[in-house]
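As a plain string of letters, each chain reads:
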Amino acid sequence: MMKKSPLLLSFATTIYLSILAVRIQYVSSFSSGSSSTKLPSDNKVQLTEPLSDLTKQSYFCLRIPVDGDLSGEKNIGTCTVECMRKDGKPLGWGLRAEDDDETRRAFVFTSAPATAKSSYEGPCLMHCRQLPFSYGKLGGTVWYAAIALAQYIAMNPSIVRGKDVLELGAGIGIPGLVASRCNAGSVCLSEFGYDGDINEPVIQPEGEDSKRLLPSALLSNLNFNVQLNSCDTEKVNVKHVDWYDFIPNEDGSDNAKVQESTFNRDDYDLLIGSDLVNWEEDVRPLISP
């Protein structure tokens, strides 16, 4: 059976929400040094702060379309809250490895209100680790559009419930992780770049790739954030997907990288993405068949 991939809906939703996202207050985050992506293998070890240990740091106020309506006629005002520790210490302080001191952030997304068919699930708390530009390039930080898309999903969980979701250009992975929390059947967080680590030297692109901002450690950091939020790794996975690999040869045939790849977009019901294109030349690879 052919699966649906409402790509246009996801992009339009992201654009609509990113325009409406307003950050009320900014408080600088803690960042320095290098870190490891290694987390304790014992899942009983506390990796993040519970909501009771956090307090508000800033707000992102939005008007969110509900029931899949993009006309603007059905929308509701809501806020996403960025959190900080009540004791003022950096997020993860005392909970992580000694060599892990990169910036962590925590967001609380408003869940959908109760209806006749569903109950209120309570606030959706997500933790993430950002990367310095040298390791993550443009994907190493949380962009406003990603927060908006994640909040849209949290308010409209039926969009992802039970579906196999692919997040393109996942970056830090917040929208896809929220989709997982909203009971998506499975979530694939896709990114490009190298399979390096934050505690290793930055991998420098060579040849034709030297013209591109290829991140050195986005993929490993996505795996880190999956573990950080105690996601079921059987339902949430990270995959290398470089859109440039899908540009066909001049004769219209698939290039060698596509032929060797195990990635199949038909495995997914829904594609989501936010702030995907920064340069015009990236549009063709993104829409390549």
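You'll find the structure just up there.
Described in the following lines is the structure provided in the data block. Source: prediction; values computed, not measured.

1. Side note on the nonpolar core
Right, so step 1: Within the largest apolar cluster, 35 residues are counted, with the highest numbers of intra-cluster contacts made by Phe109, Ile153, Val160, Ile174, Val178 and Leu189.
Right, so step 2: Leaving out residues up to four positions away in the same chain, Val178 has contacts with Phe109, Met126, Ala150, Ile153 and Ala154.
Right, so step 3: Core analysis: the second largest hydrophobic core is formed by 11 residues, Leu166, Leu168, Phe246 and Tyr268 among them.

2. Here we look at the pairing of strand β3 (residues 75-85)
Right, so step 1: As paired elements, strand β2 (residues 54-65) and β3 share 11 bridges and run antiparallel to each other. Paired with Ile64 across the strands is Ile76, a residue of β3.
Right, so step 2: By the bridge criterion, 3 bridges tie β3 to strand β4 (residues 104-109) in an arrangement that is antiparallel. The residue of β4 that forms the bridge with Cys83 is Ala106.

3. Considerations on unusual backbone geometry
Right, so step 1: Look at Asn183: it is not a glycine, yet its phi comes out positive at around 70°.
Right, so step 2: For Asn183, the position within the fold is in the loop between α4 (174-181) and β7 (186-191).
Right, so step 3: Phi at Asp275 is positive, roughly 45°, even though this residue is not glycine.
Right, so step 4: Residue placement: Asp275 occurs in the loop between β9 (270-272) and α7 (283-287).

4. Side note on the pattern of salt bridges
Pairing between side chains becomes possible if they bear opposite charge and their charged atoms approach one another.
Right, so step 1: Overall, the coordinates contain 4 salt bridges when judged by the stated rule.
Right, so step 2: Arg85 serves as the salt-bridge partner of Glu49, at 3.0 Å between the closest nitrogen and oxygen. Here Glu49 is found in the loop between β1 (22-23) and β2, whereas its partner Arg85 is found in strand β3, with 36 residues between them in sequence. For the pair Glu49 and Arg85, one class covers both residues: buried.
Right, so step 3: Salt bridges here are not isolated pairs; linked through shared partners, they connect Glu49, Arg85 and Asp87.

5. Looking at the packing of aromatic side chains
Right, so step 1: Tallied over the entire structure, the rule returns 3 aromatic pairs.
Right, so step 2: Aromatic side chains Phe60 and Phe107 sit 6.3 Å apart centroid to centroid with 50° between the ring planes, which places their arrangement in the tilted category. With Phe60 in strand β2 and Phe107 in strand β4, the pair connects residues that are 47 residues apart, well separated along the chain.
Right, so step 3: An aromatic cluster is present here, built from Phe60, Phe107, Phe109 and Tyr144 joined pairwise through their rings.

6. So, helix α5 (residues 218-228)
Right, so step 1: Among the 11 residues in α5, 9 count as buried, and that is most of the element.
Right, so step 2: Of the positions making up α5, those classed as buried are Leu218, Leu219, Ser220, Asn221, Leu222, Phe224, Asn225, Val226 and Leu228.
Right, so step 3: Summarising the contacts, the buried residues of α5 are in contact with β4, β5 (124-129), α2 (133-136), α4, β7 and β8 (236-240).
Right, so step 4: Positioned one or two residues after α5, Ser230 has a phi angle of 50°, which is positive.

7. Overview of helix α3 (residues 144-155)
Right, so step 1: For α3, built from 12 residues, the straight-helix expectation of 16 Å at 1.5 Å per residue is met to within 8% by its first-to-last C-alpha distance of 17 Å.
Right, so step 2: Burial analysis of α3 places 11 of its 12 residues in the buried class, which makes it a mostly covered element.
Right, so step 3: Every buried residue of α3 is listed here: Ala145, Ala146, Ile147, Ala148, Leu149, Ala150, Gln151, Tyr152, Ile153, Ala154 and Met155.

Each value, and the rule that gives it
Residues numbered from 1 in each chain as written. Predicted model: local features only at pLDDT ≥ 70, side-chain atom pairs only at ≥ 80, totals over all residues. Heavy atoms only, no water. Core = buried A, V, L, I, M, F, W, Y, C linked by side-chain atoms within 4.5 Å. Buried < 20%, exposed > 50% of the residue type's maximum accessible area, 1.4 Å probe, protein only. Contact = heavy atoms within 4.5 Å. Pairing = 2+ DSSP bridges. Helix = DSSP H or I, 4+ residues; strand = E, 2+ residues; numbered from the N terminus. Salt bridge = Lys/Arg side-chain N within 4 Å of Asp/Glu carboxyl O. Phe/Tyr/Trp six-rings, centres within 6.5 Å; stacked < 30°, edge-to-face > 60°. Expected span 1.5 Å × (residues − 1).

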